[in-house]
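Analysis of the macromolecular model
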Protein chains: 2
Amino acid sequence: MNLDQRLSDSSEFIIDLKLCQVRLSKNAAFPWILLIPKPENIIELIDLSVADQHQLMNEIAAASSSMKDLFTPDKLNVATLGNVVPQLHIHIIARYKSDPIWPNPVWNTIHQDYAPEIFNQTIDRLRERLSKATLK
Amino acid sequence: MNLDQRLSDSSEFIIDLKLCQVRLSKNAAFPWILLIPKPENIIELIDLSVADQHQLMNEIAAASSSMKDLFTPDKLNVATLGNVVPQLHIHIIARYKSDPIWPNPVWNTIHQDYAPEIFNQTIDRLRERLSKATLK
């Protein structure tokens, strides 16, 4: 698939689902994944076929369940903005009442680097959980 | 339906679709609607049944097309955060490269009041457009 360089640089591959590639944000401040539909030239949700829109919802649900199971957040934030990087990508972010930005949105706030072993562990845990999702 | 007081106060009824009530934000700084699923005690997307998740995507797509047709934005922002108001609500916001907050997210930024006649016109135009959506 074609992947915008900024998405590639700011996140790491976790797993390919039927429609989307799932990637982990390199920002350790929040458990934060991206779902990126693999068809080309998709910017808005409505650029996807209706079948792919439903598949996207299936994959958002599977990814949401995985994030909830692994990180037990107080709230999930699910969003597609695309003001900076047009290629359609859906953010799923685990939020806590104790996180430093709560209750504000996370974009353009803080960045923390992962310790490499934690980063790899997080990818492995998400890959294992998502590989068991029935929709794959 | 039960509607959180803060959602009720900050927006106005446009139309009831099969799953969601659609409301116009009272913030004139951006064309901004909310989709609020009518079932009770829904906080996360994954609290909805799978059928309702797909219906929600149908209604997000119809509302996105309506926003695109009526406001010709440079980008749509579609998001559910819920950090402040837990009742599930999906924001659909028309963004322009010329808007004062671009490319940042709009939450907790500027607020402008609508002129009453523009507010009512906007509701009427969205209601007319959404009432023609095939999914209703």
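Here's a quick rundown of the structure. (Residues numbered from 1 in each chain as written. Chains lettered and ligands numbered in written order. Predicted model: local features only at pLDDT ≥ 70, side-chain atom pairs only at ≥ 80, totals over all residues. Heavy atoms only, no water.)

Considerations on the overall build of chain A
Selection criterion: Note on conventions: DSSP H or I runs of at least 4 residues are helices, E runs of at least 2 residues are strands, and numbering of each starts at the N terminus. Our radius of gyration looks at C-alpha atoms and nothing else; its globule reference is 2.2 Å times the residue count to the power 0.38. Exposure categories follow from relative accessible area, calculated using a 1.4 Å probe and restricted to protein chains: below 20% of the type maximum is buried, above 50% is exposed, and the middle band is partly exposed. Between two residues, a contact is recorded if the distance between any of their heavy atoms is within 4.5 Å. To be clear on the numbers: accessible area is Shrake-Rupley with a 1.4 Å probe, and residue cover counts the displayed protein chains and nothing else.
Counting its secondary structure elements, chain A contains three helices and five strands. For chain A, the α and β elements follow one another from N to C terminus as α-β-β-β-α-β-β-α. Rg of the C-alpha trace for chain A: 14 Å, near the compact-globule value of 14 Å for 136 residues, within the 12% margin. Seen through its C-alpha atoms, chain A measures out along the principal axes to roughly 40 × 35 × 25 Å. Per-residue burial over chain A gives 54% buried out of 136 residues. Considering only residue pairs separated by 6 or more positions, chain A has 58% of its internal contacts joining residues 24 or more positions apart. A total accessible area of about 6,000 Å² is found for chain A, and carbon and sulfur atoms account for 49% of it.

A short note on empty space enclosed by the protein
Rule in force here: Points on a 1 Å grid over protein atoms alone make up a cavity when a 1.4 Å probe fits among them but cannot get out, and a pocket when they form an open set with protein on both sides within 12 Å along at least five of seven lines; lining residues each have an atom within 4 Å of a point. Grid points are joined across faces, edges and corners, and a volume is the space filled by probe spheres set on the points. Note that Gly is not counted as nonpolar here; it falls among the polar residues with everything else outside the nonpolar set of Ala, Val, Leu, Ile, Met, Phe, Trp, Tyr, Cys and Pro and the charged set of Asp, Glu, Lys and Arg.
Going through the model one piece at a time under the given rule, you end up with one cavity of 30 Å³ or more. If you add up the space inside the largest cavity, you get close to 140 Å³. For the largest cavity, the lining is made up of 14 residues, of which Ile-60 and Val-78 of chain A together with Leu-45, Ile-60 and Val-78 of chain B are closest to its centre. Breaking the lining of the largest cavity down by element, the ones donating at least two residues are α2 (50–71) and β4 (75–80) of chain A together with α2 (50–71) and β4 (75–80) of chain B. The class makeup of the residues in the lining of the largest cavity is 12 nonpolar, two polar and no charged.

A short note on the relation of the copies chain B and chain A
Note the following rule: The copies were overlaid with a least-squares fit restricted to C-alpha atoms from residues scoring a pLDDT of at least 70 in each copy.
With an RMSD of 0.0 Å, the operation that places chain B on chain A is a rotation of 180° combined with a shift of 0.0 Å along the axis. Here the copies are linked by what is in effect a two-fold axis. Taking C-alpha positions as reference, the residue of chain B nearest the rotation axis is Ala-79 of chain B, located at 2.0 Å.

Overview of helix α3 (residues 116–131) of chain B
Here is the rule we go by: Take the residue count of a helix, subtract one, and multiply by 1.5 Å to get its expected span.
In a regular helix each residue adds 1.5 Å, so 16 residues correspond to 22 Å; α3 of chain B covers 22 Å between its end C-alpha atoms and thus fits that length. In this fold, the buried residues of α3 of chain B make contact with β1 (11–16), β2 (20–25), β3 (32–37) and α2 of chain B.

Notes on the interface of chain B and chain A
We apply this condition: Here's the idea: put two parts together, see how much 1.4 Å probe accessible area each one loses, and the total over both is what we call buried area. By definition here, a salt bridge exists when the distance from a side-chain nitrogen of Lys or Arg to a carboxyl oxygen of Asp or Glu is within 4 Å. We call two N or O atoms a polar contact when they sit within 3.5 Å, provided that within protein one can donate a hydrogen and the other can accept it, with sequence-adjacent residues counted only if both atoms are side-chain atoms. DSSP calls a pair of strands paired once it identifies at least 2 bridges connecting them.
Facing the 32 residues of chain B at the interface are 31 residues of chain A. Note on chain B versus chain A: buried area summed over both sides is about 2,900 Å², and carbon and sulfur give 59% of it. Where Lys-75 of chain B meets Glu-44 of chain A, a salt bridge forms, and the shortest distance between an N and an O atom there is 3.0 Å. Our enumeration of links across chain B and chain A arrives at 18 residue pairs in polar contact (both at pLDDT 80 or more). Of all the secondary structure elements, the ones that give two or more residues to the side of chain B that touches chain A are α2 and β4 of chain B. Here the side of chain B that touches chain A is composed, by residue class, of 16 nonpolar, 11 polar and five charged. Of the strand pairs in this sheet, β4 of chain A and β4 of chain B are connected by three bridges, and their pairing is antiparallel. What sits directly across from Thr-80 of chain A, in β4 of chain B, is Val-78 of chain B.

Side note on the pattern of salt bridges
A full pass over the atoms with the stated rule returns 14 salt bridges over all chains. Of the charged contacts, one joins Arg-95 of chain A and Asp-99 of chain A as a salt bridge, the two residues approaching to 2.8 Å between their closest N and O atoms. On the accessibility criterion, Arg-95 of chain A (0% relative accessible area) is buried. Residue Asp-99 of chain A is classed as buried on the basis of its relative accessible area, which comes to 9%. Among the salt bridges present, the one from Arg-129 of chain B reaches Asp-69 of chain B, with a minimum N-O distance of 2.5 Å. Here Arg-129 of chain B, found in helix α3, pairs with Asp-69 of chain B, found in helix α2; they are 60 residues apart in sequence, far enough to count as distant.

Description of the sheet that holds strand β3 (residues 32–37) of chain A
For clarity, the cut-off: Axis geometry follows a simple rule: fit a line to the C-alpha atoms, using only the stretch in contact for helices, then measure angles between N-to-C directions, giving values from 0 to 180 degrees.
Read across the open sheet, the 10 strands follow the order β1(A)-β2(A)-β3(A)-β5(A)-β4(A)-β4(B)-β5(B)-β3(B)-β2(B)-β1(B); overall the sheet is antiparallel. Strand pairing shows two members of the sheet lacking a second neighbour, β1 (11–16) of chain A together with β1 of chain B, which therefore form its edges. Averaged over all pairs of adjacent strands, the angle between their axes in this sheet comes to 25°, without regard to strand direction. Looking at chain direction, β4 of chain A and strand β5 (residues 90–95) of chain A are connected through five bridges and run antiparallel. Bridged to Asn-77 of chain A within β5 of chain A is Ile-93 of chain A. In this fold α2 of chain B packs onto β2, β3, β4 and β5 (90–95) of chain B, with an angle of close to 20° to the strand it touches most, β5 of chain B.

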